[in-house]
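Examination of the molecular architecture
Listed below are the residues making up each chain.
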Amino acid sequence: MGAIDDGAVKGMNERLAEKKVKVVFVLGGPGSGKGTQCTKIVEHFGFTHLSAGDLLRAEIKSGSENGTMIQTMIKDGKIVPSEVTINLLQKAMLESENDKFLIDGFPRNEENRAAFENVTGIVPEFVLFFDCAEKEMEKRLLNRNEGRVDDNIGTIRKRFKVFVESSLPVIEYYNSKGKVHKIDAAKPVEEVFETVKTIFSSFNKKDE
Ligand SMILES: Nc1ncnc2c1ncn2[C@@H]1O[C@H](COP(=O)(O)OP(=O)(O)O)[C@@H](O)[C@H]1O
Ligand SMILES: Nc1ccn([C@@H]2O[C@H](COP(=O)(O)OP(=O)(O)O)[C@@H](O)[C@H]2O)c(=O)n1
Ligand SMILES: [Mg+2]
């Protein structure tokens, strides 16, 4: 990044710091139901949903100079360099009127986690971990029908491997800080949401 870009990023950090945003990270394996539950949390608790994967897919569609690189990495189940994803998340948080965000599918590795904290200074209020067996997640992904380039059995296996090797350690890190709410995500959508509701209700109470 050149000097001018660095200046622009610093400006963005300062503005974001002034905004004093509250962030909840929503994590779990591919197909564990992160997006589904986020939609319901938005309806009930007034958060804005930011899916890292959705932001990256929108960036491909926009014809950005990073588009081809992002597309190749998603097809291969790999994690896109943190600066790209963090930039998209920062922009989305600044553009929003809201100050409460669900960040879904991020951080997915140690680099994501450390870079986000270093660049934005934001520490999550807590972390939701949707825990689900691979067999169930595989079944859901193969039936998702959103036309995604990565919902095929070959890429799904790669994503599971990346999840275990790179993303679970991030969840362990937050667990050691007492920040993780682990949720059994193998149950039907409404049952999972009952548990999610309990967590957000007590968070909102604490916040008043
Ligand atoms: N609790 C659940 N039980 C059964 N199917 C689910 C459940 N939660 C989500 N799904 C379905 O599984 C697929 C993956 O869910 P999604 O929310 O996109 O997961 P993620 O964002 O974690 O990959 C979707 O087709 C969704 O409708
Ligand atoms: N923090 C992130 C999130 C997603 N991604 C990429 O985007 C893909 C899809 O992410 P996603 O969150 O939409 O996928 P699901 O877990 O919802 O199935 C990942 O497999 C990665 O290739 C990334 O590189 N970095
Ligand atoms: Mg998703």
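This text goes with the structure placed above it.
Given the structure is predicted, the values throughout are model-derived calculations rather than measurements.

1. Notes on the site of ligand 2
What surrounds ligand 2 is a group of 20 residues, the closest being K34, K78, V80, R108 and R159. Note that a nitrogen atom of ligand 2 is positioned 3.1 Å from one of the backbone N or O atoms of G105. In the environment of ligand 2, an oxygen atom lies 2.8 Å from a nitrogen or oxygen atom belonging to the side chain of R159. Here ligand 2 loses 96% of its free accessible area of 530 Å² to cover by the protein chains. Sorting the residues of the shell around ligand 2 by element identifies α3 (52–61) and α4 (67–75) as the ones contributing at least two each. Per-element accounting of the shell around ligand 2 gives the leading share, four residues, to α3.

2. Focus on the packing of aromatic side chains
The tally for this structure, following the rule as stated, stands at nine aromatic pairs. With centroids separated by 5.4 Å and ring planes inclined at 65°, the aromatic side chains of F106 and F116 adopt a geometry described as edge-to-face. In this pair, F106 sits in the loop between β3 (100–104) and α6 (110–120) while F116 sits in helix α6, placing the two residues 10 residues apart along the sequence. F116 carries the same exposure label as F106, and that label is buried. Relative to F200, the ring of F126 lies with its centre 5.3 Å away and its plane at 65°, an arrangement referred to as edge-to-face. With F126 in strand β4 (residues 126–131) and F200 in helix α9 (residues 189–207), the pair connects residues that are 74 residues apart, well separated along the chain. Across this residue pair, the class does not change: F126 and F200 are buried. By way of ring pairs, the aromatic residues F25, F106, F116, Y173 and Y174 are connected into one cluster. Sitting above the plane of the F193 ring, K40 keeps its charged end 5.3 Å from the centroid. A cation sits over an aromatic face here: R113 above Y173, 3.7 Å from the ring centre.

Rules used in this analysis
Residues numbered from 1 in each chain as written. Chains lettered and ligands numbered in written order. Predicted model: local features only at pLDDT ≥ 70, side-chain atom pairs only at ≥ 80, totals over all residues. Heavy atoms only, no water. Near = heavy atom within 4 Å. Polar contact = N/O pair within 3.5 Å; in protein donor to acceptor, adjacent residues only side chain to side chain. Areas by Shrake-Rupley, 256 points an atom, 1.4 Å probe, with all protein chains shown as cover. Helix = DSSP H or I, 4+ residues; strand = E, 2+ residues; numbered from the N terminus. Phe/Tyr/Trp six-rings, centres within 6.5 Å; stacked < 30°, edge-to-face > 60°. Buried < 20%, exposed > 50% of the residue type's maximum accessible area, 1.4 Å probe, protein only. Lys NZ or Arg CZ within 6 Å of the ring centre and 35° of its normal.

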